[in-house]
Every structure is written in C-alpha cells, then in structure tokens.
Amino acid sequence: MERLNFKSYFKHYGKRIANNTLLFVLSYLLVFYAVQAVTVFGAFTHGVSVKIYTSCIDFDSLNTAASQDVWASADNVISVFGMPIMAVVLLATIATLLLSKWKSRHIQINRFLWWIVICSYVRIGSNFISGHLFHLWNINLVTDFLGITYPSQAGRYLFLAFVVILLIVGVYSSASLTKHITNPFGGRIKEEITSNILIPGILGCIVLNLFFIPYKPLFSYTEVFCTGILLVGVISVFFIVPKRYSFVEESDKAMNDDPRVNPVILTVVLAMIVVIKIVLDNGLLLQTSPYRNYFLENMLLVVGISILVGFAAYLVFYWRRRKKQEAIQIEKMVEEFEPLKHIIPDEQWGVKKYDVSKYKDDQD
C-alpha cells in the first residue's frame, strides 16, 4: 500500500484534520464551560460571589464572612461542587446514547459527540486528580467533605487510583465508539484514526493551552492535567482500534475526503471564542443579592426546560422523518424487484415447486 509523506499526507487529509481539530476544541470548551457554569450557578444560589476567569473560577479573593458560613456546611459544599459532576455525567450519557442509538447521517455531528464523550470522561478524572494533588477549589471537595479522601491520606490515594481506573475504562469505551466516526472495515483504519483522532487531538491540545494563556489569577494545573490526559487517551485509542481490527486486510482504496468547513460557521465560532477570552481574561465579577439569586434561578429554570423540550421535540421529529424515509426506500426497492418476479424462475430465488396434484386426487 502506498504511504504518503508528511507534506502529501496533510494535503490529502488536511480538511479532515482541520474539521476534527475544530470539533475537538469546541467539545473541550463546551464541557469545560458547562462545568464552570454549573459551579457558578451553585455558588450563586448559595449567596457566594465569584470571579470567573478564562481558565478557572476565583473563590479565594472574594471570601467574606457570609461565604465562610456557606463553606462551613458540608451539605453546601457538596451541593455546589457535586452539581458539575452530575452535569458532566449527564452530558456524557446523552452524547453516548445519541452517538450509538441516534446514528446521525452527518459525520461531523458524530465526531462532535465522540469528542464530547472522551472530553467528559477526562474532565471528571483530571478535576479530581489535580484538585486532590494541589488542594484546589474543585469537585475534589465533594469527596473531602464526605470523608472519603480527608483526613485519611490512604483514602485519598486509593480514590485517585480508582479515578485512574475509571479513566482507563472511559478511554477504552471511547475507542469502542470510534466505529461511528470511522470505517473500520475499509482497510485504512490507521489512516482514519490518525486523521480523525490522533493529529487533531495533538493540535487541539496545543491550541487549548494557548487559549488559556495567561493563566489568571494563578496557574491552572487542572487544564494542563486535562490536556495531558487527553493526549494519552488519543494515543491509546490510536493503538487500541487498529489492533482490534487487525484481521481486516489493508486496502489501497482512497478514503472519501471531507468538505471544507463552512466559512460562516467558522467565523461565528472563532468570534465567540475570541469574545469569551477577551471578557474573561481580566475576570468577570458576579456579585450576589436576593433579587439576582431569584432572577437567575427562574431564568435558568425556564431556559433549561425550554432546551430540553425543544431537544426532545427535535429528536421525535427527526426519528419520524427518518422512519418515513426508510419506508419510502423499502417501497422503491420492492417496486424495482417486482418486475423481476416474472423474469427470474422461482428456483433461482431459492424456491422449489412440488407437484401436489396427486394429494388432491387422493382426497377426491
């Protein structure tokens, strides 16, 4: 099989690599800011003012007597930092179900869902690991205040070992889902994994670390851990998937190349990322008050319910339309084969006729 050199490889698969890199960066930021938003919401509803930066949430500089009372309660801490865990688990579950059951015909949607799955697994694991190792304000406080990882050092390291096992399971599960974004039986699985996952993962991690620089108000160990674990994850997928399909004979048949990214969509996405960075680089202060808490709770409740209802309605509409299209295709196939009934003998269809007239004579 012909091997492409470095220059020709990027010329041949450049659009696919660009598409996947963009989708990876978007999925990473979606999961990251979903965690940030849910954490801020939990703190806000408990009367804790926060300052949001591009790479983290600042709780330390805004600690007051009121917020100290909030953090003195284990229930409040678990409520604030436990909500992001449930949000990410829910996000990963929905993405997995959509990827494996919904089976969209749009490859870009499937790729986006796959990246969300692996980013969600890594997000939970990296937040726990970096939070426990560097004593950060993060979801690690949930297990600390539950008494699992504090004050027992043995409990902490046992829990971190458990998180590492979960990460391994998550990466392995993500590798199993690659069949929805690649063609494992096309004979070019190594090239597909490289152009769809490995190179976009490496380029995406570089872009993300550049996006978070400068790390304010302090260096973010979590994001460095997260991108590092993601790199290990995509490299593992690169070795797991080809080995799983090693029985497939390699082919010289070229893979279908990707279309270019829509310029309008690309411009909107880049503008959104630039605005987020400009706004959050210097910190966005959110101060609480009874009216703001009431307004925020009701607004998010209405928005959340509206999104869920709209999403459910879209899935039902899409499912019905897809079933209707499949029924039309089956009808067309039946109509195409109908004339062949009179041309092809029954024996060729696997039907053998028997003479049953003698049985009729016996009955008479």
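Here, the structure is the one placed above.
Starting afresh in each chain, residues are numbered from 1 along the sequence in its written order. Residue-level local features of this predicted model are given only where pLDDT is at least 70; pairs of side-chain atoms are given and counted only at 80 or more, and the full residue set underlies all totals for whole chains, interfaces and linings. Hydrogens are left out, water is left out, and the side-chain values use all remaining heavy atoms of the structure.

A. A look at helix 9 (residues 263–281). In a regular helix each residue adds 1.5 Å, so 19 residues correspond to 27 Å; helix 9 covers 27 Å between its end C-alpha atoms and thus fits that length. When accessible area is computed with a 1.4 Å probe and restricted to protein chains, residues below 20% of their type maximum are described as buried, those above 50% as exposed, and intermediate ones as partly exposed. A run of H or I in DSSP counts as a helix once it spans at least four residues, and a run of E counts as a strand once it spans at least two, with each numbered from the N terminus. Among all positions in helix 9, only Val269, Ile273, Lys277, Leu280 and Asp281 are buried. Within helix 9, the buried residues cover an arc of 105° as seen down the axis, which keeps them to one side. Every exposed residue of helix 9 that faces more than 90 degrees away from the buried side is listed here: Pro263, Val264, Thr267, Val268 and Ile278. The positive-phi residue at the C-terminal boundary of helix 9 is glycine 283, with phi of around 95°. In a helix, the anticipated span is given by 1.5 Å times the number of residues less one. Starting at the helix axis, one direction is taken to each C-beta atom, and the arc is that of these directions.

B. Just a nonpolar patch on the surface, in detail. Exposure above 30% relative accessible area and no salt bridge define the residues that can form patches, which grow by joining like charges within 9 Å and nonpolar side chains of Val, Leu, Ile, Met, Phe, Trp and Tyr within 5 Å. Accessible surface area values rest on a Shrake-Rupley calculation with a 1.4 Å probe, where residue burial reflects the displayed protein chains alone. Take a side-chain nitrogen of Lys or Arg and a carboxyl oxygen of Asp or Glu: if they are within 4 Å of each other, that pair is a salt bridge. Residues Phe10, Ile202, Leu203, Ile206, Leu210 and Ile213 make up a contiguous nonpolar surface patch of roughly 510 Å² in combined accessible area. Residue position: isoleucine 206 is located in helix 7 (residues 189–212).

C. A look at the pattern of salt bridges. Throughout the structure, instances matching the rule amount to three salt bridges. The salt bridge involving arginine 123 is made with glutamate 223; its shortest N-O contact spans 2.9 Å. With arginine 123 in helix 4 (residues 107–134) and glutamate 223 in helix 8 (residues 221–244), this pair connects stretches of sequence that are 100 residues apart. Grouping residues by exposure puts arginine 123 and glutamate 223 together as buried. As a salt-bridge pair, glutamate 191 and arginine 188 come within 3.9 Å of each other at their nearest N and O atoms.

D. Geometry of the environment of tyrosine 221. Within the secondary structure, tyrosine 221 sits in helix 8. A relative accessible area of 35% means that tyrosine 221 is categorised as partly exposed.

E. Structural view of empty space enclosed by the protein. Residues are called lining when one of their atoms sits within 4 Å of a cavity or pocket point, these points coming from a 1 Å grid over the protein atoms alone, where a cavity is a set in which a 1.4 Å probe fits but cannot get out and a pocket is an open set with protein on both sides within 12 Å along at least five of seven lines. Grid points are joined across faces, edges and corners, and a volume is the space filled by probe spheres set on the points. Applying the stated rule across the entire model yields one cavity of 30 Å³ or more. As a volume, the largest cavity reaches approximately 30 Å³. What lines the largest cavity is simply Val35, Pro84, Ile85, Val88, Arg123, Ile124, Asn127 and Ile139. Contributions of two or more residues to the lining of the largest cavity are made by helix 3 (74–102) and helix 4. Nonpolar residues are Ala, Val, Leu, Ile, Met, Phe, Trp, Tyr, Cys and Pro. Charged residues are Asp, Glu, Lys and Arg, and all others, Gly as well, are polar. Residues belonging to the lining of the largest cavity are distributed by class as follows: six nonpolar, one polar and one charged.

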